Amino acid sequence: MIKDFLEIVKTRKTTYEFSERKVKDSDIKKVLEAARWCPSSHNTQNWSFIVVKDKKIIERLLNICFYGFFHTRPAVIIAVILEPIYLEEKAMQGLLLGGWKEFTYYHQYMNISIPVITMAYAAESMGINSCIISPIIDRANNILGVPKAKKAVLLLGLGYEKKGVFKKPRKRKDYKDIVFKEKYGK
């Protein structure tokens, strides 16, 4: 099932109650391939991914997430690992206004969010539900064996929503309240 992109954006929502249905490996690979092709500042691609299917590990991860207790166990968790940005090439450093340390600090988090939402939308396009959750980084790193210089900053749960669950109505701010012309507030 292929959906129009705006339809994907409008229909994708956080899933809180997952069924026991498994996600096919081929679908997981497609989701990861979408993430692999995401843009990043100066093409740093400062991410890696850990696919977790083990139910006990998924439970441990949910237990150390902010609001993880709101979720039942998804079939799969993709841990998104923030890789350090090393900009040692002099040509690259010359491109950066404000110094490379400031660049790497701000852009590493901007970069890492792009593959997460891309994977969520890719999953939605295939009829797979998702949730994005934030772990306590040190604990997630420990559970997943992530080296010290790297951080498991976000987890993407994938699976299929349980039938008949409560669905909170989705609301969005009015267009006129968030879009301005030329200057803020106009």
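Residues numbered from 1 in each chain as written. Predicted model: local features only at pLDDT ≥ 70, side-chain atom pairs only at ≥ 80, totals over all residues. Heavy atoms only, no water.

S.K.: Explain the side chain of N141 here, please?
M.R.: Along the chain, N141 turns up in helix α6 (residues 137–144). In contact with N141, other than residues within four places in its own chain, are V146, K150, K151 and A152. (Helix = DSSP H or I, 4+ residues; strand = E, 2+ residues; numbered from the N terminus. Contact = heavy atoms within 4.5 Å.)

S.K.: Would you mind showing me how to read the nonpolar core here?
M.R.: Generally speaking, nonpolar side chains in soluble globular proteins are found buried as a group. V23, V31, V76, I78, M119 and L158 are the most contacted members of the largest nonpolar core, which totals 24 residues. Looking at this core, the elements that each hand over two or more residues are α2 (25–36), β3 (76–82), α5 (100–125) and β5 (151–159). Here this core takes six residues from α5, the largest share from any one element. Setting aside its immediate chain neighbours within four residues, V76 contacts V23, I28, V51, V52, K53, I58, L156, G157 and L158. In this structure, I58, L144, V146 and L155 belong to the second largest nonpolar core, which totals 16 residues. (Core = buried A, V, L, I, M, F, W, Y, C linked by side-chain atoms within 4.5 Å. Buried < 20%, exposed > 50% of the residue type's maximum accessible area, 1.4 Å probe, protein only.)

S.K.: Looking at this model, I keep getting lost on the packing of aromatic side chains. Mind explaining?
M.R.: Each aromatic ring pair is characterised by the separation of its centres together with the angle its planes make. Within the structure shown, the criterion is met by two aromatic pairs. Centroid distance F5 to Y121: 5.6 Å. Interplanar angle 80 degrees. Geometry classified as edge-to-face. With F5 in helix α1 (residues 5–11) and Y121 in helix α5, the pair connects residues that are 116 residues apart, well separated along the chain. Of the residues examined, F5 reaches a relative accessible area of 53% and is grouped as exposed. Taking 4.6 Å as the distance between ring centres and 55 degrees as the angle between the ring planes, the aromatic pair formed by F180 and Y184 counts as tilted. Look at F180 and you get partly exposed, because its relative accessible area is 28%. Overall, Y184 belongs to the exposed group, its relative accessible area being 75%. (Phe/Tyr/Trp six-rings, centres within 6.5 Å; stacked < 30°, edge-to-face > 60°.)

S.K.: So what exactly am I meant to see when it comes to the sheet that holds strand β4 (residues 129–135) here?
M.R.: Think of a sheet as strands paired side by side through backbone hydrogen bonds, with each pair either parallel or antiparallel. Reading across from one edge, β1-β3-β5-β4-β2 is the order of the five strands in this open sheet, with antiparallel pairing throughout. Only two strands of the sheet have a single partner each, and these edge strands are β1 (47–52) and β2 (65–66). Examined bridge by bridge, β4 and β5 share five bridges and lie antiparallel to one another. Bridging across to β5, C131 finds its partner in G157. Against the sheet, α2 makes contact with β1, β3 and β5, and its axis sits at roughly 170 degrees relative to β1, the strand it touches most. Relative to β5, α6 is tilted by about 70 degrees, and along the sheet it contacts β1, β3, β4 and β5. (Pairing = 2+ DSSP bridges. Axes fitted to C-alpha atoms, helices over the stretch in contact; angles between N-to-C directions.)

S.K.: Can you help me understand the packing of helix α3 (residues 55–63) against α6 in this one?
M.R.: One way to put it is that α3 packs onto α6 with a least axis distance of 10 Å and a crossing angle of 170 degrees. Compared by their axis directions, α3 and α6 come out roughly antiparallel. Here I57, R60 and L61 of α3 come into contact with α6, specifically with A140, I143 and L144. Taken together, the residues of the contact of α3 with α6 break down into five nonpolar, no polar and one charged. (Parallel < 35°, antiparallel > 145°, perpendicular 65-115°, else oblique. Nonpolar A, V, L, I, M, F, W, Y, C, P; charged D, E, K, R; others polar.)

S.K.: Explanation requested: the environment of A149 in the structure shown.
M.R.: Residue position: A149 is located in the loop between α6 and β5. For the pair A149 and E83, spaced 66 residues apart in the sequence, the C-alpha separation amounts to 7.6 Å.

S.K.: I tried to follow a nonpolar patch on the surface on my own but got confused; where do I start?
M.R.: Together, Y16, F66, Y67, F69, F70 and I136 make up a nonpolar patch on the protein surface, roughly 700 Å² of accessible area in all. Position of Y67 relative to the elements: it lies in the loop between β2 and β3. (Patch = residues over 30% accessible without salt bridge, like charges linked within 9 Å, V, L, I, M, F, W, Y side chains within 5 Å. Areas by Shrake-Rupley, 256 points an atom, 1.4 Å probe, with all protein chains shown as cover. Salt bridge = Lys/Arg side-chain N within 4 Å of Asp/Glu carboxyl O.)

S.K.: What should I look at first to understand α2 in this one?
M.R.: Since one α-helical turn is 3.6 residues long, residues separated by three or four positions face the same way. Between the first and last C-alpha of α2 there are 16 Å, a value that for twelve residues agrees with the 16 Å anticipated at 1.5 Å per step. Buried within α2 we find D27, I28, V31, L32 and A35. In an axial view of α2, the angular spread of the buried residues amounts to 140 degrees, which keeps them on one side of the axis. (Expected span 1.5 Å × (residues − 1). Arc of directions from axis to C-beta.)

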